[in-house]
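# Structural description and commentary
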Amino acid sequence: MQVQNPNPMTQSVPPEQCPLCAQPVPGGNRMVGEVLSCDGCSAELEVVGINPLRLEEAPEVEEDWGE
Amino acid sequence: MRKVDLVYTRVRTEEKLLLEALRRRDCAVNLVQDSGMVLSMDRQRLTEADTVLMRSMSFTRARYLATFLEMKGLRVLNSARTISLCGDKALTSAALAARGVPMPWAFVAFDEDACLEAIEKKGYPVVTKPVLGSWGRMVARLDSRTAAEGVLSTRFGTGGAQDHVALVQEYVDKPGYDLRVYVIGRAVGGLRRRSEHWVTNTARGAVPERYEVPVAHAKLAEAAAEAVGGDMVAVDLLETRGGDIYVNEINHCVEFARSIEETGVPLPDLIADYIVSGARR
Ligand SMILES: [Zn+2]
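Read on for an overview of the structure.

The rules behind the values
- Residues numbered from 1 in each chain as written.
- Chains lettered and ligands numbered in written order.
- Predicted model: local features only at pLDDT ≥ 70, side-chain atom pairs only at ≥ 80, totals over all residues.
- Heavy atoms only, no water.
- Helix = DSSP H or I, 4+ residues; strand = E, 2+ residues; numbered from the N terminus.
- Buried < 20%, exposed > 50% of the residue type's maximum accessible area, 1.4 Å probe, protein only.
- Contact = heavy atoms within 4.5 Å.
- Lys, Arg positive; Asp, Glu negative; His and termini not counted.
- Charge placed at Lys NZ, Arg CZ, Asp CG, Glu CD.
- Salt bridge = Lys/Arg side-chain N within 4 Å of Asp/Glu carboxyl O.
- Donors = N, O, S within 2.8 Å, 3.2 Å for Na, K, Ca; no water.
- Tetrahedral: all angles 85-135°; square planar, octahedral: opposite > 155°, others 65-115°.
- Pairing = 2+ DSSP bridges.
- Axes fitted to C-alpha atoms, helices over the stretch in contact; angles between N-to-C directions.

## As for the overall build of chain B
Looking only at helices and strands, chain B has nine helices and 13 strands in total. C-alpha atoms of chain B, sized along the principal axes, occupy 60 × 45 × 30 Å. Counting over 281 residues, chain B shows a buried share of 56%. Restricting to contacts in chain B with at least 6 residues of sequence separation, those with at least 24 account for 67%. Side-chain charges in chain B split into 38 positive and 37 negative, and the spacing between the mean points of these groups amounts to 4 Å.

## Let's talk about the pattern of salt bridges
Residues and elements named next belong to chain B. Under the counting rule described, the total for this entry stands at 26 salt bridges over all chains. In this structure, the salt-bridge partner of Arg12 is Glu15, at a minimum N-O distance of 3.1 Å. Exposure remark for Glu15: the relative accessible area of 1% places this residue in the buried category. In the salt-bridge network here, residues are joined through shared partners; they are Arg12, Glu15, Arg55 and Glu255.

## Some remarks on unusual backbone geometry
A cis amide bond links Asn51 of chain A to the next residue, Pro52 of chain A, at an omega of 0°. Among the structural elements, Pro52 of chain A can be located in the loop between β6 (44-49) and β7 (54-57). Residue Asn78 of chain B follows Leu77 of chain B across a cis peptide bond; omega there is -10°. We note that Ala22 of chain A has phi near 70°; this positive angle belongs to a residue other than glycine. Along the chain, the position of Ala22 of chain A falls in the loop between β2 (16-17) and β3 (24-25). Exposure remark for Ala22 of chain A: the relative accessible area of 40% places this residue in the partly exposed category. With a phi close to 55°, Asn51 of chain A is a non-glycine residue in the positive phi region.

## Some points on the coordination of the zinc ion
Residue and element names in this part refer to chain A. Looking at the zinc ion, the protein donor atoms are Cys18 (SG), Cys21 (SG), Cys38 (SG) and Cys41 (SG), and they sit 2.3 to 2.4 Å from it. What the four donor atoms of the zinc ion show is an angle range of 103 to 114° at the metal, which sorts the shape as tetrahedral. The sequence pattern formed by the donor residues of the zinc ion is C-x2-C-x16-C-x2-C. With a relative accessible area of 3%, Cys18 lands in the buried category. You can call Cys21 partly exposed: its relative accessible area is 33%.

## Some words on the pairing of strand β1 (residues 3-8) of chain B
All names here are of chain B. Summarising burial for β1: five of the six residues are buried, a large majority. In this structure, β1 lies alongside strand β2 (residues 28-33), joined through six bridges in parallel fashion. The partner of Val7 across the bridge, within β2, is Val32.

## Quick notes on the environment of Ser40 of chain B
Residues and elements named next belong to chain B. Here Ser40 lies in the loop between β2 and β3 (51-55). For Ser40, a relative accessible area of 31% translates into the label partly exposed. Spatially, the C-alpha atoms of Ser40 and Lys72 are 9.5 Å apart, while their sequence positions differ by 32 residues. In this structure Ser40 touches Met71 and Lys72, once residues within four positions along its chain are discounted.

## Topic: the sheet that holds β6 of chain A
All names here are of chain A. With antiparallel pairing, three strands are arranged side by side in an open sheet as β5-β6-β7. In the strand order of this sheet, the two ends are held by β5 (35-37) and β7, each with one partner. Direction aside, the axes of adjacent strands within the sheet are offset by 40° on average. One ladder, built from four bridges, connects β6 with β7; its direction is antiparallel. Bridged to Leu45 within β7 is Glu57.

Function-wise, these values are silent; they only describe arrangement.
Following this line, the structure appears as structure tokens:
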């Protein structure tokens with residue numbers, strides 16, 4: 001499918017830190033858009049980039065999201 | 001080998017499990033994030049895939065994407081029609097009513113005074129909910145005229161035209177739980193959600209537990225799925241204390257991460273089997 005962003009296939013990446021509590025987050029096979037739970041502060045983290053791994057706090061529910 | 005595009009907003013537990021289940025069935029799965037998609041208005045084929053599993057968390061995006069992907073000749077699950085009907089609770093009610101599927105009585109109103117007058121005729125309590133929206137947000141039970149005036153003045157006094165629609169529904173005095181039946185082509189299992197609060201959403205702290213779906217409930221859920229053309233949906237049922245059973249809502253993007261252990265229903269595998277089968281409601 002033609003998309004603007006690079007294909008977010010699984011990629012092996014080095015570890016990174018939780019942006020909220022600095023707890024190390026394991027690297028390994030990650031995908032853009034993947035949601036992780038931080039072992040340190042239980043925050044929901046979203047993978048927003050790989051190589052290098054970039055993490056952000058997953059945004060709260062937006063306009064019409066979800067069921 | 002089936003080629004599947006999995007369209008997603010975020011790769012949550014659900015999407016990870018679906019991806020694994022599809023790959024175990026030798027599907028070539030291409031992950032596509034919804035925010036990056038640009039679809040031209042022509043019938044040009046834009047993917048190798050034959051099937052799209054629509055897992056966008058946004059109703060707006062899912063509806064448009066499914067519509068345009070179908071226009072380009074793809075099999076989209078769920079279909080654009082199903083997403084459009086299930087994503088809008090007033091349209092869900094209309095689709096159910098058209099097929100005579102049992103549901104709580106309901107009406108829509110577009111004006112504060114007209115709505116209040118109609119509620120007064122029916123009598124309290126009633127439930128109002130936004131036609132769009134989810135996880136039990138902004139669902140209100142109105143026990144009195146005072147409460148109704150307060151809620152309706154907010155409903156009609158804020159937001160835009162799309163917000164100025166009140167869906168009013170019979171308040172069903174349910175016995176401390178509600179029921180969810182998963183329909184993946186056919187009814188495949190279910191979940192009972194128990195709560196002290198009358199809004200029984202697992203997102204709002206309701207406790208999921210196992211429930212063996214009786215034949216009558218399975219048939220009702222399948223009729224509801226058929227009314228909206230749903231290939232893979234979660235049908236919420238309400239049981240009255242008198243033992244009547246109604247369809248309340250239908251969810252087109254099935255969430256199961258919080259309840260998969262309790263239900264014992266292997267939803268990712270069932271969904272993947274359905275996709276591989278090539279079936280279409
Ligand atoms: Zn943390």
